[in-house]
Amino acid sequence: MKKTTNASLPALSNQPGLKQIIRHSLTMAYRGLLKVRRTPEQLIDVTLQPILFTLMFGYLFGGAVSGNVHNYLPIIIPGILAQSIITGAITIGVQLREDMEKGIFDRFKSLPIPRIAPLAGALLADTIRYALVTILTFATGYMMGYRPETGLAGMFGVSILVIAFAWCISWIFALAGVVGRTAAGVQGISMMILFPLTFLSNAYVPIETLPSALKWFARVNPVSHLITAIREMVNQGVIGQDFWLSVIGGITVFLIFAPLTMRAYRRKA
């Protein structure tokens, strides 16, 4: 009887294929959407916040900055959109940390799925949140009298830009969620990163009105470039230098933080 050696057996690969990774990532994204349906309060930051901020800042600062609310809307709507969509990006880190604390990711280890699928699925599900922010911000501005010069085409182009930018930025907060110790700690660190980027920008007031030190920071702030790109696209129909700086900035963040997040995730997942 002929002996079968290990060398004669076909090699078995434990590495999942691309189709398998995509399929399981989409399944995990669907899981994320089911969580939102069962606990809709998770959408408060991307539903009520853009509406409240648009109304509040529009009516509070409209007269002081631009003379009236109508003239202020082309300035404030892009600012609120950028701030709200970046604020929504921090949720990914908090939710990842909560799932890890509850042992959900330990259960995923026992399933025949690619290890990266839960992380990729969570990031994919978050794009729905970014789309909600974009729709509600523009809808609130429209009810207040905002009429973009470029119409629906300009708003669609801006939506693609801000959703892609927020998805790239979300890798920073995903890394915080993976390496953080508690969900509260991740949220605190994320807010410390978020507030300087959003409020020390050109979102609410012209950069020229800021003190010298803040003026310098606001000019190099990537959020300021994103806001300027949004204003140029929806108000003038122009794709200028700030658009390309935003694209380059988003891609750079992704190329740096995506590998760091996946490496940290593989060590813990």
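Residues numbered from 1 in each chain as written. Predicted model: local features only at pLDDT ≥ 70, side-chain atom pairs only at ≥ 80, totals over all residues. Heavy atoms only, no water.

Some details on the environment of Phe53
Consideration 1: Turning to its location among the elements, Phe53 is positioned in helix H2 (residues 44-66).
Consideration 2: Considered as a pair, Phe53 and Ile230 are 177 residues apart in the sequence and their alpha carbons are 18 Å apart. (Helix = DSSP H or I, 4+ residues; strand = E, 2+ residues; numbered from the N terminus.)

Here we look at helix H7 (residues 151-179)
Think of an α-helix as 3.6 residues a turn; residues three or four steps apart then line up on the same face.
Consideration 1: Taking 1.5 Å of rise per residue, 29 residues should cover 42 Å, and H7 covers 43 Å from first to last C-alpha, within 8% of that figure.
Consideration 2: A maximum bend of about 25° is found in H7 at Trp171. (Expected span 1.5 Å × (residues − 1). Bend = angle between axes of the 7 residues up to and from the residue.)

Some words on the pattern of salt bridges
Consideration 1: According to the stated counting rule, one finds 1 salt bridge in the structure shown.
Consideration 2: Arg129 is the salt-bridge partner of Asp126, the closest N and O atoms lying 3.7 Å from each other. Residue Asp126 and its partner Arg129 are both found in helix H6 (residues 117-143); the two are separated by 3 residues, about one turn of the helix.
Consideration 3: Classification of Asp126 by relative accessible area gives buried; the value is 4%.
Consideration 4: Accessibility expressed as a relative area gives 4% for Arg129, which makes it buried. (Salt bridge = Lys/Arg side-chain N within 4 Å of Asp/Glu carboxyl O. Buried < 20%, exposed > 50% of the residue type's maximum accessible area, 1.4 Å probe, protein only.)

What about the packing of helix H4 (residues 91-101) against H6?
Consideration 1: Close contact between H4 and H6 brings their axes to 10 Å; oriented N to C, the two are set at 140°. In terms of axis orientation, H4 runs oblique to H6. Considering only the axes of H4 and H6, their crossing is right-handed. Across from Thr91, Ile92, Gln95 and Leu96 in H4, the residues of H6 making contact are Leu119, Ala122, Leu123, Asp126 and Arg129.
Consideration 2: Of the residues belonging to the contact of H4 with H6, the class tally is 5 nonpolar, 2 polar and 2 charged. (Axes fitted to C-alpha atoms, helices over the stretch in contact; angles between N-to-C directions. Parallel < 35°, antiparallel > 145°, perpendicular 65-115°, else oblique. Left-handed = near helix turned anticlockwise from the far one by under 90°. Contact = heavy atoms within 4.5 Å. Nonpolar A, V, L, I, M, F, W, Y, C, P; charged D, E, K, R; others polar.)

Re the packing of aromatic side chains
Consideration 1: Following the criterion strictly, the structure yields 9 aromatic pairs and no others.
Consideration 2: With a centroid separation of 4.6 Å and 25° between ring planes, the pair formed by Phe57 and Tyr204 is classed as stacked. In this pair, Phe57 sits in helix H2 while Tyr204 sits in the loop between helix H8 (183-199) and helix H9 (212-220), placing the two residues 147 residues apart along the sequence. Of the two residues examined, Phe57 and Tyr204, each falls in the buried class.
Consideration 3: Judged by centre distance (5.7 Å) and plane angle (90°), the ring pair of Trp167 and Trp171 falls under edge-to-face. Of this pair, Trp167 and Trp171 both sit in helix H7, separated by 4 residues, roughly a single helical turn.
Consideration 4: Following the ring pairs from residue to residue traces out a cluster consisting of Phe53, Phe57, Phe61, Phe195, Phe199 and Tyr204. (Phe/Tyr/Trp six-rings, centres within 6.5 Å; stacked < 30°, edge-to-face > 60°.)

Things to note about the side chain of Gln49
Consideration 1: Mapped onto the fold, Gln49 is located in helix H2.
Consideration 2: Excluding its chain neighbours within four sequence positions, the residues that come into contact with Gln49 are Ile44, Ser84 and Thr87.

A look at the nonpolar core
Consideration 1: Formed by 60 residues in total, the largest nonpolar core has its most connected members in Ile76, Phe138, Val158 and Ile230.
Consideration 2: Contributions of two or more residues to this core are made by H2, helix H3 (69-89), H4, helix H5 (104-109), H6, H7, helix H10 (222-236) and helix H11 (241-268).
Consideration 3: Top element by residues in this core is H7. It accounts for 12 residues. (Core = buried A, V, L, I, M, F, W, Y, C linked by side-chain atoms within 4.5 Å.)

Some points on H4
Consideration 1: The element H4 is extensively covered by neighbouring structure, given that 9 of its 11 residues are classed as buried.
Consideration 2: Of all the positions in H4, only Thr91, Ile92, Gly93, Val94, Gln95, Leu96, Arg97, Asp99 and Met100 are classed as buried.
Consideration 3: The first or second residue beyond H4 is Gly103, which carries a positive phi of 85°.

Thoughts on a nonpolar patch on the surface
Consideration 1: Taken together, the side chains of Leu18, Ile22, Leu26 and Leu124 make up a nonpolar region of the molecular surface, amounting to roughly 380 Å² of accessible area.
Consideration 2: At 3 residues, the largest contribution of residues to the nonpolar patch is made by helix H1 (residues 18-38).
Consideration 3: Here Leu26 shows up in helix H1. (Patch = residues over 30% accessible without salt bridge, like charges linked within 9 Å, V, L, I, M, F, W, Y side chains within 5 Å. Areas by Shrake-Rupley, 256 points an atom, 1.4 Å probe, with all protein chains shown as cover.)

Comments concerning the confidence of the model for the protein
Consideration 1: Per-residue confidence for the protein gives a mean pLDDT of 82, with 91% of residues at or over 70.
Consideration 2: For the protein, the element scoring lowest by mean pLDDT is H5, at 73; H10 scores highest, at 91.
Consideration 3: Predicted confidence for residues 1-13 stays below pLDDT 50, and this span has 1 contact to residues more than four positions away or in other chains. (pLDDT = per-residue confidence, 0-100.)

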